[in-house]
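Summary of structural features
Listed below, chain by chain, are the residues.
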Amino acid sequence: MAKHFTPDAPVPQALPVADDDIVAADLDLCLSTPSTVVVSARLDVAVPEVGEARSLDLALVIPRSQCRGERPTLAALLQAAQAAVARATRAGTTPLLYLPRRIVAFVAGQPHLIPVF
């Protein structure tokens, strides 16, 4: 579901990462199974053809083998974020081109920036 966002909104704080490359926060999950965790995220995009900005809800699918409990490694989170962005924007092949601006994951409902772009 696309929502509108304000590009001038404050930048969310960076996602905390421990020294061992594990995300140091309990991310908001959409789903947790024995083989995967699915993290709630939001992609903020610009839509230049219509001169507006939007937000798209994303689900970042991460193999549990790349997690400690329900906390993924930063590398796994980044890889899942890149794959979700490619799906959401169809890698730039949609007639209405979305230009990704930032992606955030949520910790206790609060947005945290994922350093993808």
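Structure: see above.
Residues numbered from 1 in each chain as written. Predicted model: local features only at pLDDT ≥ 70, side-chain atom pairs only at ≥ 80, totals over all residues. Heavy atoms only, no water.

Within the protein one finds one helix and nine strands. For the protein, the sequential pattern of α-helices and β-strands runs β-β-β-β-β-β-β-α-β-β. Across the 117 residues in the protein, those meeting the buried criterion constitute 38%. Contacts in the protein between residues at least 24 apart in sequence constitute 64% of all its contacts with a sequence separation of at least 6. Counting every atom, the protein has about 6300 Å² of accessible surface; 56% of that belongs to carbon and sulfur. (Helix = DSSP H or I, 4+ residues; strand = E, 2+ residues; numbered from the N terminus. Buried < 20%, exposed > 50% of the residue type's maximum accessible area, 1.4 Å probe, protein only. Contact = heavy atoms within 4.5 Å. Areas by Shrake-Rupley, 256 points an atom, 1.4 Å probe, with all protein chains shown as cover.)

Since the α-helix advances by 3.6 residues per turn, residues separated by three or four positions end up pointing in the same direction. The end-to-end C-alpha distance of helix α1 (residues 74–89) is 22 Å, a good match for the 22 Å that 16 residues give at a rise of 1.5 Å each. Along α1, the residues that are buried comprise Leu74, Ala76, Leu77, Leu78, Ala80, Ala81, Ala84, Val85 and Thr89. Each element contacted by the buried residues of α1 is listed here: β4 (36–47), β5 (52–63), β7 (71–72), β8 (99–107) and β9 (110–114). Backbone geometry just downstream of α1 places Arg90 in the positive-phi region, at approximately 50°. (Expected span 1.5 Å × (residues − 1).)

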